[in-house]
Amino acid sequence: MCSGRVDLEFVLRAFSNGMDGVLIGACRLNECNYITHGNYHALTMALLCKKIMEHIGLNPERLRIEFMSSAEGNRFAEVMSEFGNNVKEIGPLGNGKGEGVEQKELKSRLAEVRKLIPYIKLVKNEKLASRLVKPEEYDQLFTKEEIDKLFSEVISYYIDPEKCQACMTCAKRCPVEAIISAKNQIHVIEQEKCIKCGTCFEVCPPKFRAVTKIPGGPVPPPIPEEKRTIVRKKKE
Ligand code: SF4
Ligand code: SF4
């Protein structure tokens, strides 16, 4: 219904599925049918996505956003034809102009980035809500250095086995079931499943503060299964 609904995930999924190009057709800016002006969101998302594409070795010209009204059939035809030709000129995904990434490596980079989408959206929330008025501002919204830093400083979450009291709050709230949870068992985050949303950090009761943030660096190994049981003192 609205270009504002086109998520970063949709675009990156298309590339993961082997599409050579993605075109987002949005209503003209300031002519959105909704008070949310979703097309501005689509624009900032596309600008961010282009920088992410550069970061993983894809030509950002494979993604394009165009603003047009549904009455502009001719313009739509022209844009489609021009974009189709541009994508053909760039060449096959991963092996096109300015690229050179093996298919297996490309798939793995795309999978890594897609896993981090909730984190990326959380960290870049303010900029994603920008309403860019002048096209000159487009290229400045996200810089290469900023995106490189974003990925080099990804925050990981870790449950301190010394502090966890197995209250199970974090496991109930984790959106992707990334926390190994059982009654009276120290909880453990499965790093492979974790999408870095930070919910466990937010909901762990202040009296325990068992979840810690680890920026960039390696996460300690999980406590062995046989050492996870919490022995509680019986009340007298
Ligand atoms: S940060 Fe915590 S709540 Fe979010 S996905 Fe990872 S383990 Fe789950
Ligand atoms: S919310 Fe905190 S104390 Fe409770 S199980 Fe999770 S990490 Fe442990």
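Summarised in this report is the structure supplied together with it. The structure presented is a predicted model; accordingly, all values stated were derived computationally and were not measured. (Residues numbered from 1 in each chain as written. Chains lettered and ligands numbered in written order. Predicted model: local features only at pLDDT ≥ 70, side-chain atom pairs only at ≥ 80, totals over all residues. Heavy atoms only, no water.)

### Observations concerning the site of ligand 1
Which entries qualify depends on this criterion: In this text, near means that some heavy atom of the residue lies within 4 Å of the molecule or strand in question. Residue classes follow a fixed rule: Ala, Val, Leu, Ile, Met, Phe, Trp, Tyr, Cys and Pro count as nonpolar, while Asp, Glu, Lys and Arg count as charged, and any other residue, Gly among them, counts as polar.
In the region of ligand 1, 13 residues are neighbours, and Cys174, Cys194, Cys197, Gly198 and Cys200 sit closest. Classifying every residue of the shell around ligand 1 gives ten nonpolar, two polar and one charged.

### Comments concerning the site of ligand 2
Close contacts around ligand 2 come from 14 residues, with Cys164, Cys167, Met168, Cys170 and Cys204 the closest. Along the lines of polarity and charge, the residues of the shell around ligand 2 split into eleven nonpolar, three polar and no charged.

### Some words on the pattern of salt bridges
Our working definition: For salt bridges, the criterion is a side-chain nitrogen of Lys or Arg within 4 Å of an Asp or Glu carboxyl oxygen. Secondary structure follows DSSP: runs of H or I at least 4 residues long count as helices, runs of E at least 2 residues long count as strands, and numbering of each begins at the N terminus. Under the scheme applied here, a residue whose accessible area is under 20% of the maximum for its type counts as buried, over 50% as exposed, and between as partly exposed, the area being computed with a 1.4 Å probe on protein chains only.
Enumeration according to the criterion identifies 16 salt bridges in this entry. Across the salt bridge formed by Glu99 and Arg62, the nearest N and O atoms sit 2.8 Å from each other. With Glu99 in the loop between α3 (73-90) and α4 (103-115) and Arg62 in the loop between α2 (38-55) and β2 (63-67), this pair connects stretches of sequence that are 37 residues apart. Between Glu105 and Arg109 there is a salt bridge, and its shortest N-O distance comes to 2.7 Å. Of the two residues, Glu105 and Arg109 both sit in helix α4, four residues apart, roughly one turn of that helix. Given a relative accessible area of 30%, Arg109 falls into the partly exposed group. Connected via shared salt-bridge partners are Arg64, Glu66, Arg75 and Glu82.

### Let's talk about the nonpolar core
Let me state the cut-off plainly: We call a set of buried Ala, Val, Leu, Ile, Met, Phe, Trp, Tyr and Cys residues a nonpolar core when their side-chain atoms join them within 4.5 Å. We call two residues in contact when some of their heavy atoms are within 4.5 Å.
Counting residues in hydrophobic clusters, the biggest one holds 61 residues, and the most contacted among them are Leu8 and Ile120. Ignoring anything within four residues of it in the chain, the contact list for Ile120 reads Leu8, Leu48, Ile52, Val113, Leu150 and Phe151.

### Comments concerning the pairing of strand β3 (residues 155-159)
Note the threshold: DSSP-based pairing: two strands are paired if at least 2 bridges between them are found.
In terms of residue burial, β3 counts as a mostly covered element, since five of its five residues are buried. The alternating pattern of β3 places Ile155, Tyr157 and Ile159 and Ser156 and Tyr158 on opposite faces, both of which are buried. Inspection of the sheet shows β3 paired to strand β6 (residues 211-215) by five bridges, in the antiparallel sense. Note on β6: the bridge partner recorded for Ile159 is Val211.

### Notes on the packing of α2 against helix α8 (residues 144-152)
Counted only if it meets this: The convention used is that axes are lines fitted to C-alpha atoms, helices contributing only their stretch in contact, and that angles between N-to-C directions extend from 0 to 180 degrees. Throughout, the term roughly parallel applies to angles under 35 degrees, roughly antiparallel to angles over 145, roughly perpendicular to angles from 65 to 115, and oblique to all others.
For the pair α2 and α8, interaxial distance at closest approach is 10 Å and the crossing angle is 70°. Taken together, the axes of α2 and α8 are roughly perpendicular relative to one another. Every residue of α8 that contacts α2 at Leu48, Lys51, Ile52 and His55 is listed here: Lys144, Ile147, Asp148 and Phe151. Tallied by class, residues from the contact of α2 with α8 come to four nonpolar, one polar and three charged.

### Some words on the packing of aromatic side chains
Worth spelling out the cut-off: Two rings from Phe, Tyr or Trp (for Trp, the six-membered ring) form a pair when their centres are within 6.5 Å of each other. A pair whose planes differ by under 30 degrees is stacked, one over 60 is edge-to-face, and the rest are tilted.
Considering all chains together, one arrives at one aromatic pair under this definition. Ring geometry for Tyr157 against Phe201: centres 6.3 Å apart, planes inclined by 55°, an arrangement best described as tilted. Of the two residues, Tyr157 sits in strand β3 while Phe201 sits in helix α10 (residues 199-203), which places them 44 residues apart along the sequence. The class for Tyr157 is buried, based on a relative accessible area of 5%.

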